[in-house]
Protein chains: 2
Amino acid sequence: MSTATEAPEHAGRSYHHGDLRSALVCAAVARVEQVGAEHVSLRAVAAEVGVSPSAAYHHFADKDALLGEVAATGLHMLVESVGAEVAAIAGDTREAARLRFRAAGQAYVSFALSHPQLFRVAFSPYCLEHPGVPTTDDGSVPVLSELLNDLVSTGGMNADVRDDSEDVFVATLHGLATLALQGMIPAERVPQLLSKIEQLIGVDD
Amino acid sequence: MSTATEAPEHAGRSYHHGDLRSALVCAAVARVEQVGAEHVSLRAVAAEVGVSPSAAYHHFADKDALLGEVAATGLHMLVESVGAEVAAIAGDTREAARLRFRAAGQAYVSFALSHPQLFRVAFSPYCLEHPGVPTTDDGSVPVLSELLNDLVSTGGMNADVRDDSEDVFVATLHGLATLALQGMIPAERVPQLLSKIEQLIGVDD
DNA sequence: CCACGGAACTTGATGTTGTTCAGATTGACG
DNA sequence: CGTCAATCTGAACAACATCAAGTTCCGTGG
């Protein structure tokens, strides 16, 4: 995001770009957000950076590889966004843990709704073709995993409920975000459904 | 699906095709399933049907409009598939209703895993650009809606739990399917998670 | 029975796209 | 100061979406 055209010393004008790779990814992210991944052209991205189309092939095997990087970036931003909202709520109390849980759900859906195209490409086949997906460690999202640990340790959730609930919670959140994005669930129902989910999953009152 | 190249009388060889529109959609569906929506070309679809590329423009405004029809077809097939599995289980008992519920969940995820590209395009921006999405009536999927009514009327679910649970159930199913498709949830955990969902949502034992 | 109008499709052309490759340019290192 | 590898350019190519103009077909009214 911040690695756009700010090359170390010689910004822009020299023959060598300095950090073309991240500049291309950054421009591609912007373009994806504007027109959607399926309408992004390699040439347009290269032109925006001020470089010939073939320059991209020294950093990416494919157009798909570039989009793969965009997908990975999208996932990263999603996790960062959720993490930031969660981290903003401090405290060891059960109440704080419950607020963090709530904030995580809202942040996940909010990100999807405010970055629809990026969210979509993050869960498209592109990110499978590329390694370096930063969210999955043992197959689950670290932020949400810690979140549940938090709830358990503060007594906001039963420990035996936890393990199965994690994947269910992630799945529900993701489904909610996707369907809201698609317009199949009205956005104004989302908060209500989020609290319903908390209730079902067993976040104790 | 069955409206491929079987024109009413004069099949195939005449100048006029008979039912080019559905033939194109059908071929496009096949091609999407093979290579994914982002790698489908209008020309290849037209060639498969045995028609010049520009012929498609008499039936669709755009390549995107054709893919929109593919998306709608995908949604339709998904609903049909779930509906068929549910309808295969007869009976008015609470037990039967519970089995139907279980079958619906499995069918939903199974469809996603066995038609990954079609499932993806069905929930891509393409289907927004096109009317005629057959799944949503008041915003929810009819099959699943009836399913829950079923459960309630046979005593398998509390009536007051129903309304909120519907969207949550759909969202969870959809999230589960998407994440399994993405490899973020191992496919072998899906049945376990499905029963967990039933339990959480309040399908009485 | 026949001309005619319109719908369905083709041909040919245009501009854009992804991709490749031979060569020009550069900074770093000896 | 010269060499070298990394980086970028430019021109080229095939495939692509799209469109305008022409061609073939079918049904319909005279």
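Note that the structure is predicted; figures quoted are calculated from it, not measured.

Student: Honestly, the overall build of chain A in this entry has me stumped. Any pointers?
Tutor: Scanning chain A from N- to C-terminus turns up eight helices and zero strands. When the helices and strands of chain A are placed in sequence order, the string is α-α-α-α-α-α-α-α. Counting across all 205 residues of chain A, residues that qualify as buried make up 50%. Across chain A, the fraction of contacts at a sequence separation of at least 24, relative to all contacts at a separation of at least 6, is 67%. When the accessible area of chain A is evaluated, it comes to approximately 9,400 Å², of which 51% is carbon and sulfur surface.

Student: Would you explain the nonpolar core in this entry?
Tutor: Across soluble globular proteins, nonpolar side chains have a tendency to be buried as a group. Grouped together as the largest cluster of nonpolar side chains are 130 residues, with contacts concentrated most on Phe119 and Phe123 of chain A together with Phe119 and Phe123 of chain B. Non-local contacts of Phe119 of chain A, meaning those with residues more than four positions away in its chain, are made with Leu78, Tyr108, Phe111, Ala112, His174, Ala177, Thr178 and Leu181 of chain A.

Student: Would you mind going over the protein's contact with DNA strand D with me for this structure?
Tutor: Taken together, the neighbourhood of DNA strand D is formed by 20 residues, with Ser52 and Ser54 of chain A together with Leu42, Arg43 and Tyr57 of chain B sitting nearest. Between DNA strand D and Ser54 of chain A, the relevant distance is 2.4 Å, taken from a base oxygen to a side-chain nitrogen or oxygen of the residue. At a separation of 2.9 Å, a base nitrogen of DNA strand D approaches a polar side-chain atom of His58 of chain A. In terms of residue class, the surface near DNA strand D is built from seven nonpolar, nine polar and four charged.

Student: Explanation requested: the pattern of salt bridges in the structure shown.
Tutor: Pairing is possible between side chains of opposite charge, provided their charged atoms come close. Residues and elements named next belong to chain A. Considering all chains together, one arrives at 10 salt bridges over all chains under this definition. Between Arg98 and Glu95 there is a salt bridge, with its nearest N and O atoms 3.3 Å apart. With a gap of three residues between them, Arg98 and Glu95 both fall in helix α4 (residues 94-114), about one helical turn apart.

Student: How should I be thinking about the interface of chain A and chain B in this particular structure?
Tutor: Reports often express the size of an interface as the amount of accessible area lost when the parts come together. Contact residues are listed per partner, giving 39 residues for chain A and 40 residues for chain B. For chain A, the biggest contributors to the area lost against chain B are Gln182, Met184 and Leu200 of chain A; these three give 18% of the whole. In this assembly, chain A and chain B are joined by two salt bridges. Elements supplying a minimum of two residues to the side of chain A that touches chain B: α3 (63-87), α5 (116-122), α7 (159-182) and α8 (190-201) of chain A. By residue number, the principal contributor to the side of chain A that touches chain B is α7 of chain A, which donates 16 residues. Taken together, the residues that form the side of chain A that touches chain B break down as 20 nonpolar, 11 polar and eight charged.

What counts and what doesn't
- Residues numbered from 1 in each chain as written.
- Chains lettered and ligands numbered in written order.
- Predicted model: local features only at pLDDT ≥ 70, side-chain atom pairs only at ≥ 80, totals over all residues.
- Heavy atoms only, no water.
- Helix = DSSP H or I, 4+ residues; strand = E, 2+ residues; numbered from the N terminus.
- Buried < 20%, exposed > 50% of the residue type's maximum accessible area, 1.4 Å probe, protein only.
- Contact = heavy atoms within 4.5 Å.
- Areas by Shrake-Rupley, 256 points an atom, 1.4 Å probe, with all protein chains shown as cover.
- Core = buried A, V, L, I, M, F, W, Y, C linked by side-chain atoms within 4.5 Å.
- Near = heavy atom within 4 Å.
- Polar contact = N/O pair within 3.5 Å; in protein donor to acceptor, adjacent residues only side chain to side chain.
- Nonpolar A, V, L, I, M, F, W, Y, C, P; charged D, E, K, R; others polar.
- Salt bridge = Lys/Arg side-chain N within 4 Å of Asp/Glu carboxyl O.
- Buried area = accessible area lost by both parts, 1.4 Å probe.

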